[in-house]
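# Secondary and tertiary structure notes
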Number of protein chains: 2
Amino acid sequence: MANKKITGRDIDFAKWYNDVVANAHLSKYSNVKGCIILEPNGYAIWEKIQQSLDKMFKESGHKNVAMPMLIPESLMKKEGELIEGFAPEAAWVTMGGSKLLEERMCIRPTSETLFSDYFSGAISSYRDLPLKYNQWCSVMRWEKETRPFLRSREFWWQEGHTIHETAKEAEEETNNMLNTYATFFRDYLAIPVISGKKTEKEKFAGAEYTLSIEALMYNGVSLQSGTSHYFGQKFSKAYDIKFLNRNNEQEYAYQTSWGVSSRMIGALIMVHGDDDGLVLPPKIAPTQVRIVPIKVEDELVGIAKEYYKKLKEAGISVELDTDDQTSAGFKFAESEVLGVPVRIEIGKRDLENGQITLSRRDTKDKLQVSKDCDIVAEVCSLMEKIQSNLLAKATERRDSMTYTAKTLSEFESIMNKTPGFIKADWCGDPNCECKVKEIRGTKSRVILENEQLLTGKCLVCEKPAKHLVLWGIQY
Amino acid sequence: MANKKITGRDIDFAKWYNDVVANAHLSKYSNVKGCIILEPNGYAIWEKIQQSLDKMFKESGHKNVAMPMLIPESLMKKEGELIEGFAPEAAWVTMGGSKLLEERMCIRPTSETLFSDYFSGAISSYRDLPLKYNQWCSVMRWEKETRPFLRSREFWWQEGHTIHETAKEAEEETNNMLNTYATFFRDYLAIPVISGKKTEKEKFAGAEYTLSIEALMYNGVSLQSGTSHYFGQKFSKAYDIKFLNRNNEQEYAYQTSWGVSSRMIGALIMVHGDDDGLVLPPKIAPTQVRIVPIKVEDELVGIAKEYYKKLKEAGISVELDTDDQTSAGFKFAESEVLGVPVRIEIGKRDLENGQITLSRRDTKDKLQVSKDCDIVAEVCSLMEKIQSNLLAKATERRDSMTYTAKTLSEFESIMNKTPGFIKADWCGDPNCECKVKEIRGTKSRVILENEQLLTGKCLVCEKPAKHLVLWGIQY
């Protein structure tokens with residue numbers, strides 16, 4: 001039974017997306033232009049993401065801190081490329097109370113400047129290194145077009161900032177954190193990503209280079225899902241982050257930063273969702289199991305409560321729906337819109353046969369099990385299957401939508417028909433990159449450093465190619 | 001051995017406080033005027049506070065959300081008293097990129113306006129009520145004088161916002177959340193508080209009434225530590241938060257809000273700290289146990305690792321200090337500055353006697369136990385003792401500094417000699433409240449609603465008294 005309030009995914013993908021966001025009560029636009037509200041269901045997913053990622057960060061030796069949300073303009077300007085990149089979209093505070101400020105301050109669009117300023121006073125010797133910090137916060141970028149989770153003026157994220165004794169160590173950190181993101185996407189979000197290096201044109205303002213993970217949405221549009229930047233000594237020279245090295249000489253530190261954001265919730269919707277709403281991988285679902293007695297009667301509710309207790313004690317996140325104002329059909333639809341991975345249905349007829357029903361959100365399959373089964377084991381086994389099925393399905397779809405193109409016309413016909421990822425050779429010239437952009441705004445996603453060239457000739461100019469590049473239309 | 005970098009607590013309390021903050025690396029002033037940085041050790045305490053409180057909020061049916069950080073001026077102005085109260089200290093965003101905004105927006109000083117705006121679109125019937133929401137975020141108030149944790153332009157807090165069907169239910173919520181705070185202070189922070197109602201003069205701008213918990217610091221200065229506000233229908237009328245009630249009539253909802261902030265870290269320092277630094281109650285300490293082998297030798301480190309493993313497996317937060325660049329004395333001093341509740345010292349001589357030493361941070365007592373003891377049980381039992389000893393000591397000190405005064409001159413001589421809490425009768429006239437303020441800035445803390453009057457006459461004007469009031473000098 002498709003949810004009637006949700007537009008078909010294949011009919012109008014953008015509308016479907018907005019319908020899922022609204023019907024699952026994930027987020028709403030506020031009356032603050034371009035700013036969204038994370039409603040309880042949306043925020044609960046964000047909390048699960050935070051908990052899992054935060055654990056990974058701490059296990060690799062990172063510590064959380066909190067920096068101010070405001071950056072004085074002079075501090076922002078010390079590194080030239082960053083301010084150039086972010087000035088057009090900064091929100092400026094010019095008044096405190098009724099007083100005009102001597103110097104205006106912007107709400108952080110990102111915090112390299114603040115961390116650099118802090119780092120410069122925090123280290124004196126190589127013994128103080130590395131410093132590996134992270135903060136969870138929201139940031140502000142004055143975007144014109146906005147879309148819930150994918151692009152909004154304020155969004156929630158984490159930003160890691162580290163400084164190191166050597167370039168080698170900092171580059172390893174840049175790489176490790178990208179791998180952490182890729183692992184998290186695969187193992188928790190059940191989303192396969194492609195990792196690589198951004199081109200000069202697409203890298204972060206102020207970075208030596210930027211690594212990125214790229215995911216493909218159901219409609220073939222790609223989403224830059226996480227980035228990790230290597231800064232070398234750029235910021236440390238601008239902000240005077242110096243230390244006495246092992247040769248007793250002053251040296252500038254080597255720096256990285258890396259971040260993922262609430263945009264991940266958008267990816268979850270667009271990779272796994274279907275015509276009935278959200279589909280959440282068990283490892284990231286705020287509610288993993290919902291128990292629905294088909295009728296709200298003492299016997300059924302009593303049995304339901306026993307299952308609830310067992311599952312809860314086993315650490316499974318479970319809800320029991322005993323609202324007597326709504327029908328079982330309504331309850332089923334609701335648990336589907338919310339993407340709850342497993343539903344346990346307890347009905348009279350089933351019970352007479354000694355059974356209950358486990359219903360999978362991902363495949364809609366219903367599984368009869370004995371009412372005396374080891375419910376924890378059954379549910380855990382089912383959740384594992386759902387988790388791996390979602391990843392397998394997403395991987396298969398992504399692969400089936402990943403093309404190769406040898407010429408620009410071949411490229412164009414693919415993008416006009418069935419967008420997706422396209423692999424194609426590139427000479428390294430930004431002008432050729434711009435030419436590709438004329439095709440539906442396609443941009444280079446990442447340079448695929450470990451893959452062989454296709455033809456050896458640039459897709460655009462046919463001069464010798466330097467890189468195999470992954471291209472895509474982007475959000 | 002007193003830490004030489006820390007000024008004596010009885011010599012200069014303000015300097016002692018700053019020294020503890022600096023030496024325990026809790027917080028630093030940033031180059032953003034009036035804004036602090038929460039360093040890893042400070043943020044770790046904040047995380048522990050968040051985890052414990054968040055659990056309590058969720059258990060009582062509250063859900064987390066995230067509202068925008070900006071509030072358009074027109075939205076802010078809908079409720080007159082609130083804007084009047086907060087306008088003088090609002091930070092205003094007037095530009096987005098290079099464009100002047102049509103309407104300026106302030107960075108939230110508190111979010112009643114945003115929640116009210118959201119609530120007005122979120123309910124239609126009594127069946128939708130109550131809505132019990134909370135958010136963890138930072139807020140901005142353009143203060144002139146600042147002090148780490150106690151008062152800074154940006155601070156971190158949680159703000160609960162709820163709407164209800166009846167006044168009774170909303171008033172119960174107001175009360176329950178104050179009790180939640182009092183319980184948290186007692187059971188986690190080991191700080192005894194006094195609960196009561198604020199006077200009209202001291203209540204929150206826009207509230208019908210404000211409840212507050214008040215704690216007394218070591219130096220006799222009181223700290224407003226948490227507040228819970230009952231709004232009645234004030235905001236719901238200004239923001240049109242209406243629902244169809246059980247009589248099928250439109251009715252305005254009844255509203256509350258409540259909050260505690262990173263100021264709690266200041267309270268922890270000033271209630272429990274001593275000349276050697278921070279003293280943390282085990283239930284809120286990011287590191288509960290630190291193991292120090294007296295010499296970094298294989299045998300001692302091997303044994304230390306065994307204890308480490310056992311404690312960690314039991315869910316105790318434990319660190320092992322095997323830095324071979326620093327002496328045991330230095331390590332002891334460091335664990336003391338940081339306020340780690342229990343230190344396990346493993347030395348050769350002790351081991352020859354089949355023993356190890358457990359050192360308490362609160363009393364500095366050292367306890368020899370068999371090296372083959374059940375280390376988890378020993379540590380847990382010690383932590384329980386520390387937790388209850390800290391609360392007992394703080395309660396005893398608070399009680400010994402709580403006075404009564406029957407006349408203004410009696411009041412004045414107490415406050416000039418040994419400040420603390422003073423209980424005294426009050427007629428209810430704000431002019432008398434102002435008179436009391438002339439004595440070292442003393443303010444009414446709370447009305448003690450369930451306590452009997454002392455004399456029946458107002459401390460100031462000698463007219464019949466309405467309330468017994470708790471007074472104090474405040475941070």
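Use the structure listed above.
Described below are features of the structure shown in this document. Source: prediction; values computed, not measured.

### Thoughts on the overall build of chain A
- Secondary structure assignment for chain A yields 14 helices and 23 strands.
- By its C-alpha atoms, chain A is 80 × 55 × 50 Å across when sized along the principal axes.
- By sequence separation, contacts in chain A at least 24 residues apart represent 68% of the contacts at least 6 residues apart.
- As displayed, chain A has an accessible area near 19,500 Å², and 46% of this comes from carbon and sulfur atoms.
- Positive and negative charge centroids in chain A, built from 64 and 68 side chains respectively, lie 2 Å apart.

### Considerations on the relation of the copies chain A and chain B
- Superposition of chain A onto chain B requires a rotation of 180° combined with a translation of 0.0 Å along the rotation axis, giving an RMSD of 0.0 Å. Put plainly, the chains are arranged around a two-fold axis. Ranked by how close their C-alpha atoms come to the rotation axis, the residues of chain A are headed by Val93 of chain A, at 2.1 Å.
- Counting the interface residues of chain A, we find that 100% of their copies in chain B are interface residues as well, pointing to one common contact surface.

### Structural notes on the packing of helix H1 (residues 13–23) of chain B against helix H8 (residues 263–272) of chain B
All names here are of chain B.
- Two numbers describe how H1 lies on H8: the axes approach to 11 Å, and their chain directions differ by 115°. When the axes of H1 and H8 are compared, the crossing they make is right-handed. Across the interface between the two elements, Phe13, Trp16, Tyr17, Val20 and Val21 from H1 touch Gly266, Ile269 and Met270 from H8.

### Focus: the nonpolar core
- Within the largest apolar cluster, 86 residues are counted, with the highest numbers of intra-cluster contacts made by Ile49, Leu53, Ile269 and Phe411 of chain A.
- Not counting the four nearest positions on each side in its chain, Phe411 of chain A is found in contact with Ala405, Ile422, Ala424, Val436, Ile439, Thr442, Leu459 and Trp471 of chain A.
- By size, the runner-up hydrophobic cluster in this structure holds 84 residues, among which are Met95 and Tyr133 of chain A together with Leu114 and Trp142 of chain B.

### Here we look at the interface of chain A and chain B
- Listed by partner, the interface residues are 50 residues for chain A and 50 residues for chain B.
- Counting the contacts that link chain A with chain B gives two salt bridges.
- At the surface where chain A touches chain B, the tally comes to 19 residue pairs in polar contact (both at pLDDT 80 or more).
- Here the element with the most residues in the side of chain A that touches chain B is strand S5 (residues 91–96) of chain A; it accounts for six residues.
- When its residues are assigned to classes, the side of chain A that touches chain B shows 30 nonpolar, nine polar and 11 charged.
- Two strands pair when backbone bridges link them, and S5 of chain A and strand S5 (residues 91–96) of chain B are joined in this way by five bridges, in the antiparallel orientation. Pairing of Ala91 of chain A across the sheet is with Gly96 of chain B, part of S5 of chain B.

### Some thoughts on helix H1 (residues 13–23) of chain A
All names here are of chain A.
- Buried residues of H1: Phe13, Trp16, Tyr17, Asp19, Val20 and Val21, and no others.
- Of the surrounding secondary structure, the elements contacted by the buried residues of H1 are strand S1 (27–29) and helix H8 (263–272).
- Its side-chain oxygen at 3.3 Å from the backbone nitrogen of Ala14, Asp12 defines the N-terminal cap of H1.
- Positive phi shows up at His25, right after H1, with a value of about 50°.

### Here we look at unusual backbone geometry
- Cis geometry marks the peptide bond from Leu129 of chain A to Pro130 of chain A, where omega comes out at -5°.
- Secondary-structure assignment places Pro130 of chain A in the loop between helix H5 (112–122) and strand S7 (131–140).
- One non-glycine residue, Phe149 of chain B, lies in the positive phi region at around 70°.
- Note on placement: Phe149 of chain B falls in the loop between strand S7 (131–140) and strand S8 (154–164).
- For Phe149 of chain B, a relative accessible area of 3% puts it in the buried group.
- The phi angle at Asn248 of chain B is positive, at roughly 65°, despite the residue not being glycine.
- Asn248 of chain B sits in the exposed class, given a relative accessible area of 60%.

### Description of the pairing of strand S8 (residues 154–164) of chain A
Residues and elements named next belong to chain A.
- Most of S8 sits inside the fold, with 11 of its 11 residues counted as buried.
- Covered by surrounding structure in S8 are Glu154, Trp156, Gln158, Gly160, Thr162 and His164 together with Phe155, Trp157, Glu159, His161 and Ile163, the residues of both alternating faces.
- Pairing analysis gives eight bridges linking S8 to strand S14 (residues 254–261), with the strands arranged antiparallel. The residue of S14 that forms the bridge with Gln158 is Val260.

Criteria and thresholds
- Residues numbered from 1 in each chain as written.
- Chains lettered and ligands numbered in written order.
- Predicted model: local features only at pLDDT ≥ 70, side-chain atom pairs only at ≥ 80, totals over all residues.
- Heavy atoms only, no water.
- Helix = DSSP H or I, 4+ residues; strand = E, 2+ residues; numbered from the N terminus.
- Contact = heavy atoms within 4.5 Å.
- Areas by Shrake-Rupley, 256 points an atom, 1.4 Å probe, with all protein chains shown as cover.
- Lys, Arg positive; Asp, Glu negative; His and termini not counted.
- Charge placed at Lys NZ, Arg CZ, Asp CG, Glu CD.
- Least-squares fit on C-alpha atoms with pLDDT ≥ 70 in both.
- Axes fitted to C-alpha atoms, helices over the stretch in contact; angles between N-to-C directions.
- Left-handed = near helix turned anticlockwise from the far one by under 90°.
- Core = buried A, V, L, I, M, F, W, Y, C linked by side-chain atoms within 4.5 Å.
- Buried < 20%, exposed > 50% of the residue type's maximum accessible area, 1.4 Å probe, protein only.
- Salt bridge = Lys/Arg side-chain N within 4 Å of Asp/Glu carboxyl O.
- Polar contact = N/O pair within 3.5 Å; in protein donor to acceptor, adjacent residues only side chain to side chain.
- Nonpolar A, V, L, I, M, F, W, Y, C, P; charged D, E, K, R; others polar.
- Pairing = 2+ DSSP bridges.

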